[in-house]
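Residue-level structure breakdown
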Amino acid sequence: MAESGSSAELSGSLTLPPPRTRIFKIIVIGDSGVGKTCLTYRFCAGKFPEKTEATIGVDFRERLVEIDGEKIKIQLWDTAGQERFRKSMVQHYYRNVHAVVFVYDVTNAASFRSLPAWIEECKQHALGTEVPRILVGNKCDLQDSVQVGTDVAQQFADAHSMPLFETSAKSPNSLGDGNYRNSDHVEAIFMTVAHKLKSQKPLVLSQPPEGSGGTVILSGGRNDGGDGGKGWSCSSC
Amino acid sequence: MSTARIDRASSPMNGRQDGETRRKRKIADITQALNVDPVDVATLRRMAISEGGLLTDEIRCQVWPRLLNIPPHLLDQEPEKVERDNNKDYNQVLLDVQRSLRRFPPGMPDEQREGLQEELIDIILRVLQRNPQLHYYQGYHDIVVTFLLVVGERLATVLVEKLSTHHLRDFMDPTMDNTKHILNYLMPIIERVNPEVQDFMQQAEVGTVFALSWLITWFGHVLSDFRHVVRLYDFFLACHPLMPIYFAAVIVLHREEEVLDCECDMAMVHHLLSQIPQDLPYETLISRAGDLFVQFPPSELAREAAAHESMATSTFKDFELASTQQRPDIVLRRRRRQKQASPESSTLSPVMTVAQPSTARRFVRLAVMGLTVALGAAALAVVNTALEWAPKLDLFP
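Source: prediction; values computed, not measured.

For the rest of this paragraph, the subject is the pattern of salt bridges. A full pass over the atoms with the stated rule returns 33 salt bridges over all chains. Put simply, Glu62 of chain A and Lys73 of chain A hold a salt bridge, and the shortest N to O gap is 3.8 Å. Taken together, the residues Glu62 of chain A in strand 2 (residues 58-67) and Lys73 of chain A in strand 3 (residues 70-79) connect sequence positions eleven residues apart. For the salt bridge of Arg99 of chain B with Asp96 of chain B, the shortest nitrogen-to-oxygen distance reads 2.9 Å. Taking relative accessible area as the criterion, Asp96 of chain B reaches 0% and is therefore assigned buried.

Here it is, written out as structure tokens:
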């Protein structure tokens, strides 16, 4: 699995770490049935899953992307939506998270109303304001049964300083040819987050060059408040 | 490495004919055990554990109720009507059942499947309605569907209700604290057999959530071949309620080389372990799990499991409030408290002594394990333990 880049030639510079595949860890949360599994599957596998089931506990998916010539591994942690799993089970997975994706279902007003509770959840897990968050309204292909209007969602997103994306993990634009890429926002959503994280500079953990030994954690430098591009730092939580 | 490949030990290859003969004999034994008065439950348990389990769904319809000690008169009860409106769990249950397509046989016509899904919803809501102390969890539907497909709605309702108030009771608490506590048994079991694997997992900080769905669905959520699921249910129904966690440990141990070759990182190890191989040698693993249970009974692991828990006493109130219903986790707690209270265990720090089992002892145990697997002795011992457990409340005499 180790996507180790060339690692030997670092001799000259003392300060720079050796080139490694950086890892961006993103947690995806939201009510049961809003489509968290579909979204993460879509992004990582490039297609809509035929059957998804209830997620029990936490599932993990990843994808290697290239941003400005740098290979970056995006890890998505897909969590169970049912409330009882949040408290004792999922907390472990909030550790060292680099970004949060909140998902609601545009056809289910209750899932939108739950968002403050999910934001509170993040707060409880001590995710600092520097951790980027985005809001995703899923299932917008079901235009006839929309319950959460874009304006209301945008207001909420603004109030919490998050960008809003409306999307459908199951895009009707794909014409069934199996090629779903670029036919909707799913790709853009996660790539936006990745770009944002990349611009946050020293960040984070990376993978050791030879996939052995412990993971090196180079944290620090995340609190560079100067960076805060528009609407990224979440003021209220 | 030291638990070398013993996969073949339990099933000598004597050809198909021999297999057919054994199968016939087993069916005869089961029939006889069912026909004696009183029913020979001990034999039935042994049959459910031993190679091949209970063989057919027809047999399961007769034996599963016996394994759960269900009085015959309950079996004829017509299931009552279910109130779907105003049911607090209905939405969640509906959502989960609608998505559970994979649990049904691949070739089943949609109409038939949809009918079964309706029945599935009814069974779940009925049990919850009758037992307001029980809380639905995602994954419960994976258990119920297995019963529905094997024994049909009426019988499934009775079996699931009993199971929910016993084996699954801890999972159905208002919170998952007790479930988490049971998961804490996983690492001590792994440590006893292969400390290197346990060390590695500890270093990776992988946690135990990868095994959560295994535990609370009895593997129904993660195994795609229904025959394997049912085979495991034979085993679990005949055994102690904590057996699924031993089986989880055995799966991890079975993959020890893969685990140790994996990058020592939470995500990677979690990913590896949560992708359960579909071609596991089930019979061998079952036998091994039974073996581990006998060698490292829950009572022996209770203290270590508790050490993983940051708030060991927080559920004390739950314990006090619990009915006389037997709940694996509760019994373990009681056992632990009794141990702590008893004077003879007080001299040395027991945590220290348990935490460092001598290598010699471990080797002896591994040797014994190989032997018992080969002889099928483990199955017998587990039956005995289960028997001690079944009729009364005191789990660990």
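Attention now goes to the UniProt feature "domain: Rab-GAP TBC" (unreviewed entry) in chain B. Here the UniProt feature "domain: Rab-GAP TBC" (unreviewed entry) sits at residues 54-240 of chain B. The straight-line gap between the two end C-alpha atoms of residues 54-240 of chain B is 17 Å; of that span, 59% is helix and 0% is strand.

Residue and element names in this part refer to chain A. Summarising burial for strand 1 (residues 22-30): nine of the nine residues are buried, a large majority. On strand 1, burial covers both faces: Arg22, Phe24, Ile26, Val28 and Gly30 on one face and Ile23, Lys25, Ile27 and Ile29 on the other are all buried. For strand 1 and strand 3, the ladder comprises seven bridges, and the chain directions are parallel. Bridging from a neighbouring strand, Ile26 pairs with Leu76 of strand 3. Across five bridges, the pairing between strand 1 and strand 4 (residues 99-105) is parallel.

Residue and element names in this part refer to chain B. Of note, Phe293 is situated in helix 16 (residues 282-295). Phe293 gets classed as buried once you look at its relative accessible area, which sits at 2%. The spacing of Phe293 and Phe247 is 46 residues in sequence and 9.3 Å in space, taken between C-alpha atoms.

What counts as what
Residues numbered from 1 in each chain as written. Chains lettered and ligands numbered in written order. Predicted model: local features only at pLDDT ≥ 70, side-chain atom pairs only at ≥ 80, totals over all residues. Heavy atoms only, no water. Salt bridge = Lys/Arg side-chain N within 4 Å of Asp/Glu carboxyl O. Helix = DSSP H or I, 4+ residues; strand = E, 2+ residues; numbered from the N terminus. Buried < 20%, exposed > 50% of the residue type's maximum accessible area, 1.4 Å probe, protein only. UniProt positions renumbered as here; feature names shortened; annotations may be inferred. Pairing = 2+ DSSP bridges.

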